Amino acid sequence: MQSILITGGAGFIGSHVVRLFVKQYPDCRIVNLDKLTYAGNLENLRDIEDAPNYVFEKGDIVDAEAMFALFEKYQFDGVIHLAAESHVDRSIANPMEFIHTNLVGTVNLLNAARHFWKDISGKRFYHISTDEVYGSLGDEGLFTETTAYDPRSPYSAAKASSDHFVRAWHHTYGLPVVISNCSNNYGPNQFPEKLLPLFINNIINSKPLPVYGKGENVRDWLYVIDHARAIDLIYHKGQIGETYNIGGHNEWKNIDLIKVLCKIMDQKLSREAGTSEKLITYVKDRAGHDMRYAIDASKIQEELGWKPSLQFEEGLSKTIDWYLANKAWMDNVTSGEYQNYYTEQYEKR
Ligand code: NAD
Ligand code: DAU
């Protein structure tokens, strides 16, 4: 039986990737390694937790010995590495955590793979990265796979460094690696510190919607299951040593997106038109806030035949419906450490 290690599988994107692999590859053992930080939640995987080809291991990628022991135990054929600290605001408040997990944790996994993969045939180390490594765009242009790296937040600097280390292990030691850099994901199970689930939750509870700066920053949004489909394709068909950009061809200025969200939320909650928009509150801008991200995803489209399957209107509507139907999930994940963090951050603004 083939074994694949998926790190960060209890998080937002990771849980969708684990579910897809567990269902699609019943003859392959899927090991989900996750530290279960504030962002990791096994509730995200309740529907597949009893599948015979699924195993959960609690562990920390920063712990090199534990990673070696894990490789020894399961003799992995492949790694899909998603575990990370993922929130830019938290990286501004506490950069060291990001350096430990995103950089040191990644190098620990590279070392373990290199040690155990004496024979590299059929092996693959797939590192999941972000478009934020490319920096910030002006009004025109798109990030391609050859855009020079220019990370500008502690989060993106740590992710960019980890990308460099992954490539270094390929060039120096011949480790069979592949990397993808994706734009902003949205969908079910996203932790409500990120823009869309935070604002959905706040609208439900009639709380202020904190728009950073003037709300003019632009992001390129992709439905999370389309990202998971791309990951499946790249893991199985991507060329070793290559990088693939993944994006939604779906750019939105934050304030425009927020206004659309407010309108749909009013309809879904049967509130008078304009009710949610009144919650918009302009707050101090994020430090070093990147202005615009936009991905040129033509390489993955041309070489691997991938493109987003969902129109944004449909994806947004499905996403809102999920959060409305899963209030218990929201209450659960916002009941602990996050609640304190959020309250503190909000009060500072
Ligand atoms: P997330 O914060 O929802 O989940 C991260 C997961 O990693 C959590 O389950 C957490 O418990 C786990 N984790 C954190 N530190 C760990 C450690 N030291 N050891 C083991 N597990 C640990 O993140 P996400 O949004 O699902 O992002 C997943 C990956 O995709 C990240 O690498 C991120 O950089 C990348 N990415 C995210 C987006 C996005 O829009 N969310 C876009 C592009 C790339
Ligand atoms: O581009 C990919 C990246 O997208 C991923 O690598 C990151 O892991 C992911 O968190 C995301 O980063 P962003 O910083 O773009 O996402 P976030 O949801 O935090 O913010 C989206 C935009 O909304 C950004 O311009 C900041 C703004 N914002 C965000 C929050 C949380 C607000 O105006 N108010 C808010 O309260």
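Note: the structure precedes this text.
Residues numbered from 1 in each chain as written. Chains lettered and ligands numbered in written order. Predicted model: local features only at pLDDT ≥ 70, side-chain atom pairs only at ≥ 80, totals over all residues. Heavy atoms only, no water.

Trainee: Explain the pattern of salt bridges to me, please; I cannot follow it from the model alone.
Mentor: A pair can form between side chains of opposite charge whenever their charged atoms are brought close. Applying the stated rule across the entire model yields 14 salt bridges. Of the charged contacts, one joins K35 and D60 as a salt bridge, the two residues approaching to 3.6 Å between their closest N and O atoms. Separated by 25 residues along the polypeptide, K35 in the loop between strand 2 (28–34) and strand 3 (54–58) and D60 in the loop between strand 3 and helix 2 (64–74) bring together distant segments of the chain. Classification of K35 as partly exposed rests on a relative accessible area of 35%. Overall, D60 belongs to the partly exposed group, its relative accessible area being 24%. Across the pair R46 and E49 runs a salt bridge, and its minimum N-O distance is 2.8 Å. (Salt bridge = Lys/Arg side-chain N within 4 Å of Asp/Glu carboxyl O. Helix = DSSP H or I, 4+ residues; strand = E, 2+ residues; numbered from the N terminus. Buried < 20%, exposed > 50% of the residue type's maximum accessible area, 1.4 Å probe, protein only.)

Trainee: For this particular structure, what's the right way to read the environment of Y341?
Mentor: In this structure, Y341 sits in helix 12 (residues 337–348). The buried category is assigned to Y341, whose relative accessible area is 16%. Taking the C-alpha atoms as reference points, Y341 and E193, 148 residues apart in sequence, are found 9.7 Å from one another. Those residues within four positions of Y341 in sequence are excluded, and the remaining contacts are D89 and R90. (Contact = heavy atoms within 4.5 Å.)

Trainee: Would you explain the pairing of strand 9 (residues 218–223) in this entry?
Mentor: In regular strands, side chains alternate between the two faces of the sheet. Within strand 9, 6 of the 6 residues are buried, which leaves the element mostly enclosed by the surrounding structure. Going residue by residue along strand 9, you find V218, D220 and L222 tucked away on one face and R219, W221 and Y223 tucked away on the opposite face as well. Sheet topology note: the strand 7 (residues 184–186)/strand 9 ladder contains 3 bridges and is parallel. Note on strand 9: the bridge partner recorded for N185 is L222. One ladder, built from 3 bridges, connects strand 9 with strand 11 (residues 251–253); its direction is antiparallel. Residue pairing for strand 11: R219 is matched across the bridge by W252. (Pairing = 2+ DSSP bridges.)

Trainee: What's the story with the packing of aromatic side chains in this structure? I'm lost.
Mentor: The tally for this structure, following the rule as stated, stands at 20 aromatic pairs. Taking the centre distance of 6.3 Å and the plane angle of 40° together, the rings of F143 and Y293 count as tilted. In this pair, F143 is assigned in the loop between strand 5 (124–130) and helix 5 (154–173) and Y293 in the loop between strand 12 (280–283) and helix 9 (298–304), connecting sequence segments 150 residues apart. Both residues of the pair, F143 and Y293, count as buried. Taken together, the ring pairs connect F68, F71, Y74, F76, F116 and W117 into an aromatic cluster. One Lys or Arg, R114, reaches over the ring of Y173 and ends 3.6 Å from the middle of that ring. The ring of Y293 has R219 sitting right over it, with the charged end atom 3.9 Å from the ring centre. (Phe/Tyr/Trp six-rings, centres within 6.5 Å; stacked < 30°, edge-to-face > 60°. Lys NZ or Arg CZ within 6 Å of the ring centre and 35° of its normal.)

Keep in mind these numbers describe shape, not what the thing actually does.
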